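Understanding the architecture of this molecule
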Amino acid sequence: MKARSSTLRRAMLAALVLVLTGQACTLSLFDGFSNPGGGATVTPGAAAPSPTPQAVAQTTFVATIPEPLLPGETLAIALLDEVTGLSLNATYYPMTARDTLTYTAALPLPYNSVVKYRYVRRGAAQIAEDTTLGGVIRYRMVSVVGPAEVQDIVADWGDRSYARPTGSVIGQVFNADTGSPLPNMLVSAGGVQYITDSVGRFELSGLPMGTHNLIVYSMDGFYQVFQQGAAVGNGTVTQVDLRVKPSRLVNITFMVSIPKDTVPGVPVRIAGNLLQLGNTFADLQGGLSTNTDRMPTMSLQADGRYSLTLSMPVGTHVQYKYTLGDGFWNAEHKTDGQWVLHDLIIPPQDLVIQDTVETWTAGTSSPILFEVSVPAVTPPGDIVYIQFNPYGWTEPVPMWPLGNNRWAYKLYSPLNMLGSFGYRYCRNAQCGSADDTETSAPAAIGRQAITSLTGQDIQDVVGAWKWYENPEPVTLVGANITPRASGFVAGIEIQPTYRPSFSYYAPQALTNIQALGSNQVVFTPSWSYSSVSPLSFAPVTGQDPLWIDTAIMISQARALGLNVAIFPTPHFVGSTDTASPSTNFWVNAPRDAQWWQTWFNRYRAFAINYADLATQTGSQTLILGGDWITPALPAGKLPDGTPSNTPADAEAQWKSIIAEVRTHFSGKIYWALPYTKATIEAPLEFLKDTDGIYLLWSASLSTNPSSTKTDYANEAGRLLDNEVAPLVMLLNKPLILAVAYPSAAGAETGCLADGKGGCLDLSLLSRPNADITSVSLSLQTQADIYEAMLTAVNARSWITGFVSRGYYLPAALQDKSTSIHSKPAADILWYWFPRMLGTVR
């Protein structure tokens, strides 16, 4: 465990340094700008070569395809650029047929590089390969250590599927020096990818029968690349244990001279192919993979150059570019319009790199200056972003602050690709959630701009922010609040939806949570159910936080003096607009004996993963269970009330999971139990093995529209006394009340109509989901319910905690969701929490 903690500290130190450098970009720019200039017109092409040519190795790719190509079709191998965008700067090489199913291409590739690629069928349309399970192949990888032949099997095409023999490769990844398992490693074979969990486990399923190139890749480069062949048989499981060596760190100093027409003082960043250079290893909006907020920001030197020193792992292949935006927007170009992508193999000694940005522009179109004035009610810590829509919305980029609620951004490139395009403004990178009201519609194409040979200065005004039009505090009413016993939890639970941009705003959100008087924050990291049969439950980049992302946020919370609970929560892919995200999953699952055993095995791994994270980050509490898990409990039922066919040993399965989790985590284990009369009256035997109940509460407090806060409090007290208190006495366990009520008219009923005769799943009201117009906003209703619930809790000393669920981390929104972030309900908590904890009398 000591070695594993050391590994986590090492990764967190590097990541925290980058968090700090990334956040050091708030600056003031002078009020005037020079008139935008122009450039030359050249269609963007392949990445420019490095100034010093690298030694290359002849690499022969041999691809076997599932059926002969049609007349007029050709096969190509696409070398991909993840820094610019996988589909935005690919280089295509035609392949030569050996026979009707086998094609080859010999390419000179740099020694010690890691090349990302995939196969493409070209004809009337360009079709990329996919997996036998219909999943997208982001890319395959090969580590170039010398001349070699790479054998690949194309399983499927995006427009065709084939029945063929398949198998799996499963195993664990370990630190070769310490023997410790390694989480957060990217394992790939046949284009199938998996992020290892806390015990280093991975599973690559649906691989075509044959030999595949198996590669282990450290997304931050802290471990050397491992590569070997893996034979896959029909219906068989190939099991392997892989050991990778840690890399030594050296200091790399990047020094760059930028064009003289660059707006003075603007932040210059480095975008690259590693986590610490902004790569999310995910498919973000518009086909991008890098995120501006996760990139390091360079420092302006006295001589006008920019500088940044990073600790980088020896031997790592780094691809990078300088940018005033991200890897696509406002990135450096050659004077002939080509994209620039620098290649570097980190040497075994410290190094100073001297670079020059030739130009930010591409083509003859002149840069466009966007200036915007935003409402005075914009929260002081917020950053205004601009999002562009050239062919679909891409990732937002931060604007430059001018002061007095004015922001600017000068768009240099790639204007030669645009013509006319849309754009919009938003807060804290949450375009689609925290938008300018003028462009907030779900199908919004944005404000319109068009490129020009002459400079443009577009001046806009944001009249109001969606969901933050006119924020007003609630009128607080004094109450006689009894300080609770030591150990009382006054907490905030973070909404489980995640995007890579969220992490940047965690420090601001956690500070706000602390300011409410909270003493605990509940993080809800996720894995995704991406397939029900065969069952696939694993981290998915871009929608589930990486191990290091959650670890950093926990570290930030603890630095503020907050206790931490981890509540692992799954994400369900392909949910409907009105149904519970988990409903379709359970209804469509086979739920036979074999499927259930696989399900319990996957949940066990899920729980252990976060038990290990809790241990390594010093978190105090781990919360298992949840409302979604009801069909998997003993005598479980589906959402419609029919039996879910849980196995006879379900009780034993849960007892075993809890017992194994305790071998990984010595803190408190709570069980998240949804409040329903059925769950309260028929408590589960295995709950006795936990340390407490985390009661998920959205109970009906009234069906009478004229009811008052007093009525709500009385009904809450009745339910707590008559239905919950007996459970507490039976189990003799502490109980934390975890409350979720939306800011919506009718929230007090505990059931907002879904239009189909049922109740709306409250998570569907959360951003970034589209607004549900059948539900009416009512901030006061949520505030009244919170005051009533706290009044009820105040009179019941046997309740050991109160947690508000669904906090939206990246931005203050007064929307219909259960989040209390900057809503009147937050003011209620600000008054009550310190008095309940005895810090204010």
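Residues numbered from 1 in each chain as written. Predicted model: local features only at pLDDT ≥ 70, side-chain atom pairs only at ≥ 80, totals over all residues. Heavy atoms only, no water.

**A few points about the overall build of the protein chain**
Stated formally: Helix and strand assignments follow DSSP, with helices taken as H or I runs no shorter than four residues and strands as E runs no shorter than two, numbered in order from the N terminus. As a reference, a globule follows 2.2 Å times the number of residues to the power 0.38, and the radius of gyration itself is taken over C-alpha atoms. Buried, partly exposed and exposed residues are distinguished by accessible area as a fraction of the type maximum, computed with a 1.4 Å probe on protein chains only: under 20%, between the cut-offs, and over 50%, respectively. Any two residues having at least one pair of non-hydrogen atoms within 4.5 Å are treated as being in contact. Method for areas: the Shrake-Rupley scheme with a 1.4 Å probe, in which residue coverage is limited to the protein chains shown.
Per the secondary structure count, the protein chain includes 10 helices and 43 strands. Against the compact-globule benchmark of 28 Å for 841 residues, the protein chain has a radius of gyration of 28 Å, which places it among compact chains. Dimensions of the protein chain along its principal axes, counting C-alpha atoms only, are 75 × 65 × 50 Å. A total of 841 residues make up the protein chain; the buried ones form 59% of that total. Partitioning the intrachain contacts of the protein chain with sequence separation of at least 6 by distance along the chain shows that 77% fall at a separation of at least 24. As presented, the protein chain carries roughly 30,800 Å² of accessible surface, and 53% of it is formed by carbon and sulfur atoms.

**A closer look at the confidence of the model for the protein chain**
The cut-off we apply is this: pLDDT is a per-residue confidence score from the predictor, ranging from 0 to 100.
When the pLDDT values of the protein chain are averaged, the result is 91; 93% of them are 70 or greater. Here residues 15-51 is modelled with pLDDT under 50, and outside its nearest four sequence neighbours on either side it reaches 86 contacts, counting other chains as well.

**A short note on helix H8 (residues 709-731)**
Worth spelling out the cut-off: Multiplying one less than the number of residues by 1.5 Å gives the expected span of a helix. Here the bend at each residue means the angle between axes fitted to two seven-residue stretches, the one ending at that residue and the one beginning there.
If you check H8, its first and last C-alpha atoms are 31 Å apart, about what 23 residues at 1.5 Å a residue would give, namely 33 Å. Maximal helix bending in H8 amounts to about 40 degrees, located at Val 724; proline Pro 726 follows within four positions. Asn 732 occupies a position one or two residues after H8 and carries a positive phi of about 55 degrees.

**Points about the nonpolar core**
Note the cut-off: Among buried residues, the Ala, Val, Leu, Ile, Met, Phe, Trp, Tyr and Cys ones that are joined through side-chain atoms within 4.5 Å form a nonpolar core.
If you look at the biggest cluster of nonpolar residues, it comprises 189 residues, and the most contacted ones within it are Phe 370, Trp 599, Trp 654 and Trp 697. Top contributing element to this core by residue count: helix H5 (residues 593-617), with 13 residues. When residues no more than four places from it in sequence are discounted, the contact partners of Trp 599 are Tyr 529, Leu 535, Phe 585, Trp 586, Trp 628, Ile 629, Ala 632 and Trp 654.

**Topic: the state of the cysteines**
For the record, the criterion: When two cysteine sulfur atoms lie within 2.5 Å, the pair is treated as a disulfide.
Enumeration according to the criterion identifies two disulfides in this entry. Sulfur-sulfur distance for the disulfide between Cys 426 and Cys 431 comes to 2.0 Å. Around the S-S axis, the bridge from Cys 426 to Cys 431 shows a dihedral of about -75 degrees and counts as left-handed. Looking at the protein chain, its bonded cysteines, counted consecutively from the start of the sequence, adopt the pairing 1-2, 3-4.

**Here we look at the environment of Ser 582**
The residue Ser 582 is located in the loop between strand E38 (571-572) and helix H4 (583-588) in this model. C-alpha of Ser 582 to C-alpha of Tyr 505: the two residues are 77 residues apart in sequence and 28 Å apart in space. Leave out the neighbours within four places in its chain, and Ser 582 touches Phe 572 and Trp 628.

**A word on the side chain of Asp 549**
Within the secondary structure, Asp 549 sits in helix H3 (residues 547-559). When sequence neighbours within four positions are dropped, the list of residues in contact with Asp 549 reads Arg 294, Tyr 498 and Ser 503.

**Digging into the packing of helix H2 (residues 506-515) against H3**
Think of two packed helices as two axes; the pair is described by the angle between the axes and how far apart they sit. Rule in force here: Angles run from 0 to 180 degrees between N-to-C directions of axes, and those axes are lines fitted to C-alpha atoms, restricted for helices to the stretch in contact. Helix crossings fall into two classes, left-handed where the near helix is turned counterclockwise from the far one by less than a right angle and right-handed where it is turned clockwise. Under this grouping Gly is polar, as are all residues other than the nonpolar Ala, Val, Leu, Ile, Met, Phe, Trp, Tyr, Cys and Pro and the charged Asp, Glu, Lys and Arg.
Two elements in contact, H2 and H3, have axes separated by 10 Å at closest approach and are oriented at 35 degrees. Relative to H3, the crossing made by H2 is right-handed. In this structure, H2 uses Ala 506, Pro 507 and Leu 510 to contact H3, whose residues at the interface are Met 553, Gln 556 and Ala 557. Looking at the contact of H2 with H3, its residues break down into five nonpolar, one polar and no charged.

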